[in-house]
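Understanding the architecture of this molecule
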Amino acid sequence: MTDTTKRTFESFGYEWNTFDEIREEDAEFARVYFRDLDLASLRGRIGLDAGCGKGRYTRFLAPHLARLVALDGSRAVEAAARNLAEYDNTFVVRADLCAAPFASESFGFISCLGVLHHLEDPRHGFHRLVELLAPGGVMLVYLYSRPEGPGARRVGLWLASALRTVTVRLPHRLLRAGSALVAGALSVLVVRPGAFGARRHIGVLAALPMAAYRGKPFRSLVLDTFDRLSAPVEHRYVWAELAPWFAEEGLEVRAAREEAGWFVVSGKRQPAEGPTAPAAAAGGHGDVEEQP
Ligand SMILES: C[S@@+](CC[C@H](N)C(=O)[O-])C[C@H]1O[C@@H](n2cnc3c(N)ncnc32)[C@H](O)[C@@H]1O
């Protein structure tokens with residue numbers, strides 16, 4: 001394991017065991033994450049949530065799958081095991097997704113939410129996930145996006161990158177306190193004015209970034225600020241950079257949405273479909289039942 005991967009796991013192990021509780025607002029965020037996914041089509045499949053963290057979104061997937069592996073490389077699995085204890089069909093595994101202890105094509109569904117952009121080589125991690133996906137399988141990934149034009153979000157991301165040059169090296173407890181201060185500033189300067197603008201229809205304020213935090217508890221913002229300032233590696237993408245990943249792996253992109261990040265649902269073709277099969281032919285999502 002490289003030093004960077006080790007630091008990544010230490011950072012998230014601390015994060016998810018510190019902010020380990022399941023929160024009401026997770027349900028609303030989950031709706032955003034799973035909006036493009038036909039959850040009913042997952043019935044009978046074996047799933048993998050790669051980089052599950054404390055399992056806050058794994059919980060929403062578990063009822064739709066026959067079995068679900070919640071995998072994470074960090075001590076976050078301790079929080080995940082607590083939060084997923086009530087789901088008998090869910091198994092928590094600690095492993096690096098690049099060296100996951102599963103045979104190729106084991107899973108009929110894979111989710112990987114907010115994980116690949118923290119890898120030193122995200123493209124390699126993506127390839128490993130595609131190897132684990134069975135023909136007919138469906139994959140949902142969420143990756144950080146990068147704005148292409150100027151604007152408030154671009155400025156904010158530039159500031160965050162500047163801060164990160166220092167914060168990724170800070171002791172986690174100290175950074176946690178610092179994150180509360182930064183989150184306080186963001187709340188006062190961006191989130192609340194944005195919410196006010198949206199209520200009063202003041203376009204310039206309503207257009208401020210971080211709309212997802214309007215009306216959400218402050219602790220949510222502290223958690224995400226810590227997350228952004230602590231993880232040693234952060235990659236960001238425009239679609240022109242991501243689209244080739246799917247094309248090169250022969251995946252059919254079924255939905256690609258940019259909402260402060262890329263939400264992409266894709267499918268792996270059945271062998272009979274061939275590389276040029278029409279998109280509609282892959283619409284059955286494969287019958288990937290439990291495997292022996
Ligand atoms: C930002 S968190 C997202 C957690 C969860 N998917 C969520 O959205 O709440 C990223 C997670 O990916 C895990 N992770 C990062 N690199 C990994 C790797 N190579 N293998 C397995 N897990 C990894 C981290 O430990 C962390 O829990």
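Note that the coordinates shown come from a computational prediction; the quantities given were computed from them, not determined experimentally.

1. Topic: the overall build of the protein chain
- Summing up its helical and strand segments, the protein chain has 10 helices and seven strands in all.
- For 292 residues, the compact-globule formula gives about 19 Å, and the C-alpha radius of gyration of the protein chain, at 19 Å, lands near that figure.
- In terms of overall dimensions, the protein chain has a C-alpha envelope of 55 × 40 × 35 Å along the principal axes.

2. So, the environment of Glu-148
- Tracing the sequence through the fold places Glu-148 in the loop between β5 (133-143) and α6 (152-167).
- By C-beta crowding, Glu-148 is classed as exposed, having 10 other C-beta atoms within 10 Å.
- It is 7.2 Å that separates the C-alpha atoms of Glu-148 and Val-238, two residues lying 90 residues apart in sequence.

3. Some thoughts on the sheet that holds strand β7 (residues 262-268)
- Spatial strand order, β3-β2-β1-β4-β5-β7-β6: seven strands in an open sheet with mixed pairing. Strands with a single pairing partner mark the edges of an open sheet, and in this sheet they are β3 (90-94) and β6 (251-258). Neighbour to neighbour, the strand axes of the sheet diverge by 15° on average, direction disregarded.
- Of the strand pairs in this sheet, strand β4 (residues 107-113) and β5 are connected by six bridges, and their pairing is parallel. When the sheet's bridge partners are listed, Ser-111 is paired in β5 with Leu-140.

4. What about the site of the ligand?
- In the neighbourhood of the ligand, 22 residues make up the surrounding shell, with Phe-12, Gly-51, Gly-53, Gly-73 and Ser-74 lying closest.
- Residue contributions to the shell around the ligand peak at four residues, all from helix α1 (residues 3-18).
- Across the shell around the ligand, the residue classes tally to 11 nonpolar, seven polar and four charged.

5. Considerations on the domain arrangement of the protein chain
- With domains assigned, the protein chain is organised as domain 1 (3-146 + 236-284) and domain 2 (152-230).
- Computed over C-alpha atoms, the centres of domain 1 and domain 2 are 25 Å apart.
- Every contact between the two is made by eight residues of domain 1 and, on the other side, 10 residues of domain 2.
- The greatest single-element share of the side of domain 1 that touches domain 2, amounting to four residues, is contributed by α1.
- Its residues assigned to classes, the side of domain 1 that touches domain 2 comprises three nonpolar, two polar and three charged.

6. A word on unusual backbone geometry
- In this structure, Met-210 takes a positive phi of about 65° despite not being glycine.
- In this structure, Ala-260 takes a positive phi of about 55° despite not being glycine.
- Summarising the element assignment, Ala-260 is placed in the loop between β6 and β7.
- Note on Ala-260: 14 C-beta atoms within 10 Å, which makes it partly exposed.

7. Notes on the nonpolar core
- In terms of nonpolar packing, the biggest core is built from 53 residues, with Ile-110 and Leu-129 touching the most fellow members.
- In this structure, Leu-129 is in contact with Ala-50, Leu-97, Ile-110, Cys-112 and Met-139, ignoring residues within four places of it in sequence.
- Formed by 13 residues, the second largest nonpolar core is a distinct cluster that contains Leu-175, Leu-208, Tyr-213 and Phe-226.

8. Some details on helix α4 (residues 76-83)
- Taken together, the buried positions of α4 are Ala-76, Val-77, Ala-79, Ala-80 and Asn-83. Buried residues of α4 fall within an arc of 160° about the axis and therefore sit on the same side.
- Buried-residue contacts for α4 involve α1, α3 (58-61), β2 (67-72) and β3.

9. Focus: the environment of Arg-56
- Tracing the backbone shows Arg-56 in the loop between β1 (46-50) and α3.
- On the basis of neighbour counts, which here come to 25 C-beta atoms within 10 Å, the residue Arg-56 falls in the buried class.
- Remark: the alpha-carbon pair of Arg-56 and Ala-80, spanning 24 residues in sequence, is separated by 7.8 Å.

10. Quick look at the packing of helix α7 (residues 172-200) against helix α9 (residues 218-230)
- As a packed pair, α7 and α9 sit with axes 8 Å apart at the nearest point and diverge in direction by 120°. When the axis of α7 is compared with that of α9, the two are oblique. Taken as a pair, α7 and α9 cross one another with a handedness that is right-handed. Contacts from His-172, Leu-175, Arg-176, Ser-179, Ala-180, Val-182, Ala-183, Leu-186, Ser-187 and Val-191 of α7 reach α9 at Phe-218, Leu-221, Val-222, Thr-225, Phe-226, Leu-229 and Ser-230.
- Looking at the contact of α7 with α9 residue by residue, the class counts come to 11 nonpolar, five polar and one charged.

11. Focus on the packing of α1 against α4
- Remark: α1 packs on α4, axes separated minimally by 7 Å, with the N-to-C direction vectors making an angle of 30°. Here α1 lies roughly parallel to α4, going by the angle between them. Where α1 approaches α4, its residues Phe-12, Gly-13, Trp-16 and Asn-17 are matched on the opposing element by Ala-76, Glu-78 and Ala-79.
- Residues that form the contact of α1 with α4 fall into these classes: four nonpolar, two polar and one charged.

Reading the values: the criteria
- Residues numbered from 1 in each chain as written.
- Predicted model: local features only at pLDDT ≥ 70, side-chain atom pairs only at ≥ 80, totals over all residues.
- Helix = DSSP H or I, 4+ residues; strand = E, 2+ residues; numbered from the N terminus.
- Rg over C-alpha atoms; globule rule 2.2 N^0.38 Å.
- Buried ≥ 20, exposed ≤ 12 C-beta atoms within 10 Å, placed from the backbone.
- Pairing = 2+ DSSP bridges.
- Axes fitted to C-alpha atoms, helices over the stretch in contact; angles between N-to-C directions.
- Near = placed C-beta within 6 Å.
- Nonpolar A, V, L, I, M, F, W, Y, C, P; charged D, E, K, R; others polar.
- Domains from an automatic or database assignment.
- Contact = placed C-beta atoms within 7 Å.
- Core = buried A, V, L, I, M, F, W, Y, C linked by C-beta atoms within 7 Å.
- Arc of directions from axis to C-beta.
- Parallel < 35°, antiparallel > 145°, perpendicular 65-115°, else oblique.
- Left-handed = near helix turned anticlockwise from the far one by under 90°.

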